[in-house]
Number of protein chains: 2
Amino acid sequence: MPPETRKTYLRPLDIRQGRIDMAHGAGGRATAQLIDELFARHLGNEWLAQGDDGALLPAPGSGQLVMSCDSHVVSPLFFPGGDIGCLAVHGTINDVAVMGATPLWLSAAFILEEGFGLAELARIVQSMAQAARDAGVPIVTGDTKVVERGKGDGVFITTTGIGVVAPGQALSGCQAQVGDAILVSGTLGDHGMAILAAREDFGFTAPIVSDTAALHGLIAAMRASGAQLHVLRDPTRGGLATTLNEIARQSGVGMLLQETALPIKPAVAAACEFLGLDPLYVANEGKLVAICPCADAQHLLAAMQSHPLGRDAAIIGTVHEDARHFVQMTTCLGGRRMVDWLSGEQLPRIC
Amino acid sequence: MPPETRKTYLRPLDIRQGRIDMAHGAGGRATAQLIDELFARHLGNEWLAQGDDGALLPAPGSGQLVMSCDSHVVSPLFFPGGDIGCLAVHGTINDVAVMGATPLWLSAAFILEEGFGLAELARIVQSMAQAARDAGVPIVTGDTKVVERGKGDGVFITTTGIGVVAPGQALSGCQAQVGDAILVSGTLGDHGMAILAAREDFGFTAPIVSDTAALHGLIAAMRASGAQLHVLRDPTRGGLATTLNEIARQSGVGMLLQETALPIKPAVAAACEFLGLDPLYVANEGKLVAICPCADAQHLLAAMQSHPLGRDAAIIGTVHEDARHFVQMTTCLGGRRMVDWLSGEQLPRIC
């Protein structure tokens, strides 16, 4: 009898027609085959190839670590500008990067619904692989579970990221200071409106495309400019309004925005108006808020605008003293209104 | 007007009667309230209190890092001996620990189904908090998403763990050597049969209780014994049979088990026989396989048996040369049979 390995026992996965069944989550031969022929094939790297229950990684040196995680349940799974796969990579990279850290490694855990098509799964995993390669942040370990039909929704992906930050370089939402300038790296609301448009056919003529992107390159360019950074954060669920309220609360300050300064694509503004949504509350997946000393703002803005992901960057407001930690906005008409936290759900399952 | 914070805007969560709604996943005020009043309240520690998109952690020193993740979809959520909360903590700690690392930090990402009871969620989060405290491994960052009713199943929890391992101390499934002894730390199949019994009322008179437990303390005791360790792994999904086949494949060896040596509780053996299940394929959540040089086996066994989680440890077989990487077993009757990979699903959603 010739030497056998597990692989020779099985017919190859039928990626085109095949579907996830409960055995793919049972931890036995079918799970191993799914890992070998789909996950490892596309995501393959030296850490996944270790084949253990986790990844053994190099010592990260003297810096502090940053750890962040996000479950992704976006619906639909595919949308203009991206899919759940690249979104799951970008989202966690960004959460690590806005803390001032260099993202190093990702884990990815999949919860699959019985009956989910292997072709769609392969497309999603390829998109993750491409996003991870482009970002230079490998997916080093993972997990696969399967739930019965009707107990999930195709696929949910949870990614966790580890980054390293040099001593004294970490950023936090508590570091905004009175007198600081508030910047955003580009137009608001693209991701959320792209998802909404993908869900329903509103007959919008102008296509709206998600901005999903990894921001650590932009952040590195901002650091390299020499401008001092007090806070970075990516305004995802809840939009810019909620992110600024979080920072205002953490830092114990107030904020005043200028409505005329907010960069919003005309198609997004029109779609928001049509649907009665406020772009300040619509999710972004490739944008960041930066808060820096007023004196550094123009310099930082120039650095952002010279990076492909910051071309539409703008200075949108200032930090001031306010014991109530209100975020307010001077409107186009010259009035002033509150920009409160998102209450209730504006758009479910946006990421 | 007195100073206001976000917290004063809201009535407290009704933990006893309340239910998850879509707003709890929208990233706005309801999400923040759920985090403050439920997650942070029970899991609270200095890292979660940072309030940023991730946790800023101390530099782990000169050791290598280990990263591992697991999604938990166990059904039912509560079972004799544990629940999805403590299971999610133990499972990931064990995956980090069997690689030879000291588990340091966990992340936890929740996918909640609309309508899920806050009382059940609170019970689960308290169980996680207790398990994390007992293990000395804090949950330092997290995420919460909500999916519509019928698109999830109560709660899924994905945990990711980071550990550190001293240079040269890392373990891998590829290090089993011909002549090594194979040990298990205790009785087989307890977790899987406890879950199955919790799902259906089989009328078993003897209660079967999950063995869910964090194993890093036992592993530390094994290390302290001075016995050389080649491989550690926790035989979860797919059971001991699948775990040994994985190791045999990784190490390029064969294995021979002694059926008479396998520790199995009489109640578990009886339930398995009644249901036509093989305990070798039933999941464990607080057991490990250890492979060590034959000369160290008795010494290692003694160290395991003197730890509370290793009282029923046993030497169950040996590693030998086999180009086919077969795992075989000498049966009680003196014959020899193949112990193959788990094929298909024996028990879905066991962890």
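Above this text you will find the structure in question.
Residues numbered from 1 in each chain as written. Chains lettered and ligands numbered in written order. Predicted model: local features only at pLDDT ≥ 70, side-chain atom pairs only at ≥ 80, totals over all residues. Heavy atoms only, no water.

**What to know about the pairing of strand 6 (residues 139–147) of chain A**
Residue and element names in this part refer to chain A. Cut-off, in case you're wondering: The cut-offs for exposure are 20% and 50% of the maximum accessible area for each residue type, with area from a 1.4 Å probe on protein chains only; residues under the lower value are buried, those over the upper are exposed, and the others partly exposed. Segments assigned H or I by DSSP are reported as helices when at least four residues long, segments assigned E as strands when at least two residues long, and all are numbered from the N terminus. For two strands to be treated as a pair, DSSP must find no fewer than two bridges joining them. With the strands pointing away from the viewer, any crossover whose connection runs clockwise from the first strand over the helix to the second is right-handed.
Of all the nine residues making up strand 6, eight are buried; the element is thus mostly covered by neighbouring parts of the structure. In terms of strand pairing, strand 5 (residues 102–113) meets strand 6 through eight bridges, oriented parallel. Each bridged residue has a counterpart across the sheet, and for Ala 108 the counterpart in strand 6 is Gly 142. As a crossover connection, the stretch from strand 5 through helix 3 (residues 118–135) into strand 6 is right-handed.

**Notes on the pattern of salt bridges**
Put simply, the rule reads: By salt bridge we mean one thing: a side-chain nitrogen of Lys or Arg within 4 Å of a carboxyl oxygen of Asp or Glu.
This structure, assessed with the given rule, holds 30 salt bridges over all chains. Residue Asp 143 of chain A is joined to Arg 237 of chain B by a salt bridge in which the shortest nitrogen-to-oxygen separation is 3.1 Å. Taken together, the residues Asp 143 of chain A in strand 6 and Arg 237 of chain B in the loop between strand 9 (231–233) and helix 6 (239–251) connect one chain to another. For Asp 143 of chain A, a relative accessible area of 7% corresponds to the buried category. Lys 287 of chain B is paired through a salt bridge with Asp 190 of chain B; the nearest N and O atoms lie 3.8 Å apart. On the criterion of sequence distance, the pair formed by Lys 287 of chain B in the loop between helix 7 (266–275) and strand 11 (289–292) and Asp 190 of chain B in helix 4 (residues 190–199) is long-range, its members being 97 residues apart. With a relative accessible area of 1%, Asp 190 of chain B lands in the buried category.

**Section: helix 2 (residues 84–97) of chain B**
Applicable threshold: The span one expects for a helix is its residue count, reduced by one, times 1.5 Å.
Its 14 residues give helix 2 of chain B an end-to-end C-alpha distance of 20 Å, which sits within 8% of 20 Å, the value for a rise of 1.5 Å per residue. Helix 2 of chain B sits mainly inside the fold: 14 of its 14 residues count as buried.

**Brief notes about the interface of chain B and chain A**
Short version of the rule: Whether two residues touch is decided by their heavy atoms; if any such pair falls within 4.5 Å, the residues are in contact. As used here, buried area is the combined drop in accessible area, with a 1.4 Å probe, of two parts when they are placed together. Polar contacts here mean pairs of N or O atoms no more than 3.5 Å apart (in protein, one a potential hydrogen donor and the other a potential acceptor; neighbouring residues in sequence count only if both atoms are side-chain atoms). In this classification, the charged set is Asp, Glu, Lys and Arg, the nonpolar set is Ala, Val, Leu, Ile, Met, Phe, Trp, Tyr, Cys and Pro, and all remaining amino acids, among them Gly, are polar.
Chain B puts 92 residues into the contact, and the matching count from chain A is 92 residues. In this assembly, chain B packs against chain A so that about 7,100 Å² is buried in total across both faces, 57% of it on carbon and sulfur atoms. If you sort the residues of chain B by the area they bury against chain A, Asp 53, Met 67 and Arg 237 of chain B come out on top, with a joint share of 11%. Here chain B and chain A share 14 salt bridges between them. The shortest N-O distance in the salt bridge between Asp 36 of chain B and Arg 249 of chain A comes to 2.9 Å. Our count for the contact surface shared by chain B and chain A stands at 42 residue pairs in polar contact (both at pLDDT 80 or more). Sorting the residues of the side of chain B that touches chain A by element identifies helix 1 (29–43), strand 1 (55–57), strand 2 (64–72), strand 5 (102–113), strand 6 (139–147), strand 7 (155–165) and helix 6 of chain B as the ones contributing at least two each. Grouping the constituent residues of the side of chain B that touches chain A by class yields 41 nonpolar, 28 polar and 23 charged.

**With respect to the sheet that holds strand 1 of chain B**
For clarity, the threshold we go by: In this analysis, axes come from line fits to C-alpha atoms, helices being fitted only over the stretch in contact, and the angle between any two N-to-C directions falls in the range 0 to 180 degrees.
Spatially, five strands are ordered 6(A)-5(A)-7(A)-2(A)-1(B) in an open sheet, and the strand pairing comes out mixed. The open sheet has two free edges, formed respectively by strand 6 of chain A together with strand 1 of chain B, since each of these has just one partner strand. On average, each strand axis in the sheet is tilted by 15° relative to the strand beside it, whichever way the strands run. Sheet analysis places strand 2 (residues 64–72) of chain A next to strand 1 of chain B, joined by three bridges and oriented antiparallel. The residue of strand 1 of chain B that forms the bridge with Leu 65 of chain A is Leu 57 of chain B.

**A few points about the sheet that holds strand 5 of chain B**
Reading across the sheet, the five strands line up as 1(A)-2(B)-7(B)-5(B)-6(B) and stay open at both edges, with mixed pairing between neighbours. A strand with exactly one partner marks an edge of an open sheet, and here the two such strands are strand 1 (55–57) of chain A together with strand 6 of chain B. The average angle at which neighbouring strand axes cross in this sheet is 15°, direction not considered. Lying on the sheet, helix 2 of chain B is in contact with strand 2, strand 5, strand 6 and strand 7 of chain B; it crosses strand 2 of chain B at an angle near 150°. On top of the sheet, helix 3 (residues 118–135) of chain B reaches strand 5, strand 6 and strand 7 of chain B; it is set at about 175° to strand 5 of chain B, its chief contact.

**Brief notes about the packing of aromatic side chains**
How we decide: Pairing of aromatic rings covers Phe, Tyr and Trp, the last through its six-membered ring, and needs centres within 6.5 Å; plane angles under 30 degrees mean stacked, over 60 mean edge-to-face, and all others mean tilted. A ring has a charge above it when a Lys NZ or an Arg CZ is no more than 6 Å from the ring centre and no more than 35 degrees off the ring normal.
One pass over the structure, following the stated rule, counts three aromatic pairs over all chains. When the centroid spacing of 4.5 Å and the interplanar angle of 50° are considered together, the rings of Phe 39 of chain A and Phe 110 of chain A count as tilted. Of this pair, Phe 39 of chain A sits in helix 1 (residues 29–43) while Phe 110 of chain A sits in strand 5; the two residues are 71 residues apart in sequence, bridging distant segments of the chain. Since its relative accessible area comes to 2%, Phe 110 of chain A is described here as buried. On the numbers, 6.4 Å between centres and 45° between planes, the contact of Phe 156 of chain A with Phe 156 of chain B is tilted. Placement of Phe 156 of chain A in strand 7 (residues 155–165) and of Phe 156 of chain B in strand 7 is noted, with the two residues assigned to different chains. Take Phe 156 of chain A and Phe 156 of chain B: they sit in the same class, and that class is buried. The ring of Phe 78 of chain B carries Arg 123 of chain B above its face, with NZ or CZ at 3.7 Å from the centroid.

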